[in-house]
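Spelled out from the first residue to the last, the chains are:
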Amino acid sequence: MLTAKQKELLLFIHSRIKEDGVSPSFDEMKDALNLASKSGIHRLITALEERGFIRRLAHRARALEVLKLPDSATPAAPPRGRQAFRPSLVGAGRNVTGHATPSLPVLGKIAAGVPIEAIQQEVSRIETPVDYADEENYFALQVEGESMIEAGIHDGDLIILKRTDTANTGEIVVALIDEAEATLKRLRRKGESVALEAANPAFETRIFGPDRVRIQGRLVALIRRYD
């Protein structure tokens, strides 16, 4: 049996992973459960882990996996953007069915740290789930830097973004600053100002006037290679 707070936290983590593809931060969990400190979240997570409801993924910041939900031994659904592994032949842009392998253009690197130059032209292509294979609506970038590491985004990761010029507060976006610098950050709106928030305490939040920031895409999926 889970306590009310343990169940509330488990369902919140499960919901956020399904929605964002990564688990929430300890601050977000603390705020969602109206707790005074993060030590209470640590205790709840330890209890859920001991009872087999979640597990912590090694060597990854802010990485939790929900194994099952309350009153059920059924494994939890995978987060949005993940698909079951299906082996396929890679070569000449064809898979085992003979159809073209879904792919997206990689438009250079994006800084998860100090902003770098604006998004470039296509530099390569990457195989992608068919859900994101529409080049008119999606594109890919390679992450450079560690300012989003607590959002589960690491240096060298490939990210898939939905092309859009609007985003809700709290979403992770590619933002173009002064039409010259592009960066990957969490969007926060503060009145008329736009805040670009890192997910690493070593990096500061930067605040701009609305005319200085243009949204170019919203994060929808992440691809990590293990070589």
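So what about the overall build of the protein chain? Which residues, and what values?
When helices and strands are tallied, the protein chain shows 3 helices and 12 strands. Across the 227 residues that make up the protein chain, the buried fraction comes to 41%. Considering only contacts in the protein chain between residues 6 or more positions apart, those separated by 24 or more positions represent 57%.

Tell me what's going on with the pattern of salt bridges, and back it up with residues and numbers.
Tallied over the entire structure, the rule returns 10 salt bridges. For E179, the salt bridge goes to R214, with nearest N and O atoms at 2.9 Å. In this pair, E179 sits in the loop between β8 (172-177) and β9 (181-190) while R214 sits in strand β12 (residues 213-223), placing the two residues 35 residues apart along the sequence. Judged by its relative accessible area of 37%, R214 is partly exposed.

So what's going on with the pairing of β12? Residues and values would help.
Pairing geometry for strand β7 (residues 158-163) and β12, over 6 bridges, is antiparallel. Along β12, the bridge assignment pairs I159 with L222. As paired strands, β8 and β12 are joined by 5 bridges and run antiparallel to one another. Paired with L176 across the two strands is R214, which belongs to β12.

Can you tell me about helix α1 (residues 4-20), naming the residues and giving the values?
Between its first and last C-alpha atoms α1 spans 24 Å; for 17 residues at 1.5 Å apiece the expected length is 24 Å, and the two agree. Of the residues making up α1, those classed as buried are Q6, L9, L10, I13, H14, R16 and I17. End-on view of α1: buried residues confined to an arc of 165°, all on one side of the axis. Residue G21 follows α1 closely and has a positive phi angle near 85°.

Please give an account of the nonpolar core that cites residues and values.
For soluble globular proteins, nonpolar side chains are generally found buried alongside one another. Judged by nonpolar contacts, the single largest core of 18 residues is most densely connected at I110, L141, M148, I153, I159, L161 and L184. Only β3 (103-111), β6 (138-144), β7, β8 and β9 provide two or more residues apiece to this core. Among the nonpolar cores identified, the runner-up in size contains 15 residues, and L9, I13, L44 and L64 belong to it.

Describe helix α3 (residues 38-50), naming the residues involved and giving the relevant values.
Note on helix geometry: an α-helix contains 3.6 residues per turn, so any two residues three or four positions apart are oriented the same way. Between its first and last C-alpha, α3 extends 18 Å over 13 residues, near the 18 Å set by a 1.5 Å rise per residue. Of the positions making up α3, those classed as buried are G40, I41, L44, I45, A47 and L48. Considered in projection along α3, the buried side chains sweep an arc of 160° and stay on one side of the axis. Residues of α3 that are exposed and angled more than 90 degrees away from the buried face: R43 and E50. G52, located one to two residues past α3, shows a positive phi value of around 80°.

Tell me what's going on with the packing of aromatic side chains, and back it up with residues and numbers.
Going through the model one piece at a time under the given rule, you end up with 0 aromatic pairs. Taking the ring centre of F53 as reference, the NZ or CZ of K68 above it sits at 4.9 Å.

I'd like to hear about the environment of R218, residue by residue, with values.
As for its placement among the helices and strands, R218 is situated in strand β12. Owing to a relative accessible area of 19%, R218 belongs among the buried residues under this scheme. Separated by 55 residues in sequence, R218 and R163 have C-alpha atoms that sit 6.7 Å apart.

Tell me about the packing of α1 against α3, and name the residues and values.
Close contact between α1 and α3 brings their axes to 10 Å; oriented N to C, the two are set at 85°. Taken together, the axis directions place α1 and α3 in an arrangement best described as roughly perpendicular. Counted together, K5, Q6, L9 and L10 of α1 and I41, L44, I45, A47 and L48 of α3 form the full contact between these two elements. Residue composition of the contact of α1 with α3, grouped by class: 7 nonpolar, 1 polar and 1 charged.

I'd like a rundown of the environment of D27, residues and numbers included.
In this fold, D27 is placed in helix α2 (residues 26-32). We classify D27 as partly exposed; its relative accessible area is 41%. In sequence terms D27 and I41 are 14 residues apart; their C-alpha atoms lie 8.9 Å from each other.

The rules behind each value
Residues numbered from 1 in each chain as written. Predicted model: local features only at pLDDT ≥ 70, side-chain atom pairs only at ≥ 80, totals over all residues. Heavy atoms only, no water. Helix = DSSP H or I, 4+ residues; strand = E, 2+ residues; numbered from the N terminus. Buried < 20%, exposed > 50% of the residue type's maximum accessible area, 1.4 Å probe, protein only. Contact = heavy atoms within 4.5 Å. Salt bridge = Lys/Arg side-chain N within 4 Å of Asp/Glu carboxyl O. Pairing = 2+ DSSP bridges. Expected span 1.5 Å × (residues − 1). Arc of directions from axis to C-beta. Core = buried A, V, L, I, M, F, W, Y, C linked by side-chain atoms within 4.5 Å. Phe/Tyr/Trp six-rings, centres within 6.5 Å; stacked < 30°, edge-to-face > 60°. Lys NZ or Arg CZ within 6 Å of the ring centre and 35° of its normal. Axes fitted to C-alpha atoms, helices over the stretch in contact; angles between N-to-C directions. Parallel < 35°, antiparallel > 145°, perpendicular 65-115°, else oblique. Nonpolar A, V, L, I, M, F, W, Y, C, P; charged D, E, K, R; others polar.

These values are about where atoms sit, not about what they do.
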